[in-house]
Amino acid sequence: AQSGGGILLESALGSGTSVRVFFPRAEVQPGSGASSDWESGSEISRATLLVVEDDDQVRDLTVKALAGAGFDVYEATGGPEALRLFAECPPVDLLVTDVMMADVDGVELAAELIKRRPDLRVLFMSGYPADTLRERQAVMPQSIELLEKPFTAATLVARVREVLADSACEGRLGGTPVGLDARR
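Position labels on residues start from 1 in each chain and follow its written sequence. Since the coordinates come from a predicted model, pLDDT governs what is reported: local features require at least 70, and pairs of side-chain atoms require 80 or more to be given and counted, while whole-chain, interface and lining totals use all residues. As a rule here, side-chain values cover all heavy atoms of the structure and leave hydrogens and water aside.

S.K.: I keep staring at the overall build of the protein chain and nothing clicks. Help me out?
M.R.: Secondary structure elements are taken from DSSP: a helix is a run of H or I of four residues or more, a strand is a run of E of two residues or more, and numbering for both begins at the N terminus. Within the protein chain, the regular secondary structure consists of five helices and seven strands. Burial analysis of the protein chain (184 residues in total) assigns 39% to the buried set. By definition, residues are in contact when any of their heavy atoms lie within 4.5 Å. Looking at the protein chain alone, contacts between residues at least 24 apart form 64% of all its contacts between residues at least 6 apart. Where accessible areas are quoted, they stem from the Shrake-Rupley method and a 1.4 Å probe; at the residue level, only the protein chains shown are allowed to cover. Just so you have it, the protein chain exposes about 10,200 Å², and 52% of that area is on carbon and sulfur atoms. Using a 1.4 Å probe on the protein chains alone, a residue whose accessible area is under 20% of its type maximum counts as buried, one over 50% counts as exposed, and one in between counts as partly exposed.

S.K.: I would appreciate a short explanation of the pairing of strand 4 (residues 72–76) in the present structure.
M.R.: DSSP calls a pair of strands paired once it identifies at least 2 bridges connecting them. Relative to strand 4, strand 3 (residues 48–52) is paired through five bridges, and the arrangement is parallel. Bridging from a neighbouring strand, valine 52 pairs with alanine 76 of strand 4.

S.K.: For this particular structure, what's the right way to read unusual backbone geometry?
M.R.: Most peptide bonds take the trans form, and the phi angle of most residues other than glycine is negative. With an omega dihedral of -5°, the bond running from lysine 149 to proline 150 counts as a cis peptide bond. Within the fold, proline 150 resides in the loop between strand 7 (146–148) and helix 5 (153–169).

S.K.: Looking at this structure, I do not really get the sheet that holds strand 5 (residues 94–98). What am I missing?
M.R.: Sheets are built from strands paired through backbone hydrogen bonds, the pairs being either parallel or antiparallel. Pairing in this open sheet of five strands is parallel, and the strands run 4-3-5-6-7 from one edge to the other. Only two strands of the sheet have a single partner each, and these edge strands are strand 4 and strand 7. Recorded for the sheet is a direction-independent mean angle of 20° between the axes of neighbouring strands. Axis geometry follows a simple rule: fit a line to the C-alpha atoms, using only the stretch in contact for helices, then measure angles between N-to-C directions, giving values from 0 to 180 degrees. Taken strand by strand, helix 1 (residues 56–68) contacts strand 3, strand 4 and strand 6 (121–126), and its axis lies near 170° from that of strand 4. With respect to the sheet, helix 2 (residues 79–88) is in contact with strand 3 and strand 4, its orientation differing from that of strand 4 by roughly 145°.

S.K.: Honestly, the side chain of aspartate 98 in this entry has me stumped. Any pointers?
M.R.: Residue placement: aspartate 98 occurs in strand 5. In this structure aspartate 98 touches Val52, Glu53, Asp54, Gly106, Met125, Ser126 and Lys149, once residues within four positions along its chain are discounted.

S.K.: So what exactly am I meant to see when it comes to the environment of phenylalanine 151 here?
M.R.: By the secondary structure assignment, phenylalanine 151 is in the loop between strand 7 and helix 5. Taking the relative accessible area as the measure of exposure, phenylalanine 151 reaches 22% and is therefore partly exposed. For the pair phenylalanine 151 and methionine 125, spaced 26 residues apart in sequence, the C-alpha separation works out to 9.1 Å. Leave out the neighbours within four places in its chain, and phenylalanine 151 touches Thr62, Met125 and Leu156.

S.K.: So what exactly am I meant to see when it comes to the confidence of the model for the protein chain here?
M.R.: Caution applies to low-pLDDT parts of the model: their predicted coordinates are not meant to be read in detail. On average, the protein chain scores 76 in pLDDT, and the residues at 70 or more come to 64%. Every residue gets a pLDDT, meaning the predictor's confidence in that residue, from 0 to 100. Mean pLDDT per element in the protein chain: helix 4 (residues 130–135) is the minimum at 66, and strand 3 is the maximum at 97. The low-confidence segment residues 28–41 (pLDDT under 50) makes eleven contacts with residues lying over four places distant or belonging to another chain. Counted against residues more than four places away or in other chains, residues 171–184, with its pLDDT under 50, gives 50 contacts.

S.K.: Could you clarify how one ought to interpret the nonpolar core in this entry?
M.R.: We define a nonpolar core as any set of buried Ala, Val, Leu, Ile, Met, Phe, Trp, Tyr and Cys residues linked to one another through side-chain atoms lying within 4.5 Å. By size, the foremost hydrophobic cluster in this structure holds 21 residues, and its most contacted members are Leu50, Val52, Leu95, Leu120, Val122 and Phe124. When contributions to this core are tallied by element, the ones reaching two or more residues are strand 3, helix 2, helix 3 (106–116) and strand 6. Per element, the largest residue contribution to this core is five residues, and it comes from helix 3. Excluding its chain neighbours within four sequence positions, the residues that come into contact with leucine 95 are Leu50, Val52, Ala110, Leu113, Leu120, Arg121, Val122 and Leu123. Within the second largest apolar cluster, 18 residues are counted, among which are Val63, Ala69, Leu94 and Leu164.

S.K.: Honestly, the packing of helix 2 against helix 3 in this entry has me stumped. Any pointers?
M.R.: Helix-helix packing is described using two parameters, namely the angle between the two axes and the distance between the axes. Contact geometry for helix 2 and helix 3: axes closest at 11 Å, N-to-C directions at 15°. Viewed along their axes, helix 2 and helix 3 adopt a mutual orientation that is roughly parallel. Between helix 2 and helix 3 the crossing geometry is right-handed. Taken together, the residues of helix 3 that come into contact with helix 2 (itself represented by Gly79, Ala82, Leu83 and Phe86) are Leu109, Glu112, Leu113 and Arg116. Ten residue types, Ala, Val, Leu, Ile, Met, Phe, Trp, Tyr, Cys and Pro, are classed as nonpolar, four, Asp, Glu, Lys and Arg, as charged, and the remainder, Gly among them, as polar. By residue class, the composition of the contact of helix 2 with helix 3 is five nonpolar, one polar and two charged. When describing relative orientation, an angle under 35 degrees is termed roughly parallel and one over 145 degrees roughly antiparallel, while 65 to 115 degrees is termed roughly perpendicular and anything else oblique. Throughout, a crossing is termed right-handed when the near helix is turned clockwise from the far one, and left-handed when it is turned anticlockwise from it by less than a right angle.

Here it is, written out as structure tokens:
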């Protein structure tokens, strides 16, 4: 409601649940000259992301939102696939991962990938309270970036841009080790 959108949930015994999400109309008119920094060819707009999420619907929406914002996005349903993609794909600038998944702990997955690439940025997604993740921070060599579920596509894209912009401003996209910033 704060951003002018809404969610309608309908549930019936034996019929399942229907979720409809309503987004506000964009205020920018075609041809107005307004464009995002992602459309301007900036270094960040060419960032490569790896999304790891075991919920098909959440993963699909996350990937569509990020690809629609101009990112190169690879997706994995869990740990083994994420490890394979990380090794096979172009260098990943940002790992966007769920915390609690059926076959892997997102924090442990991030720690393993950071061992392989110390400059990897990580944005965790979780439906659990932020304190739950912070209690588990001891496994991580850096502090934690967290996006709490549920989130909108706009919020997701904004947080990804923020995390990547922080590393680009520090001159760290493309090889220099980077820590994760604690903001929440």
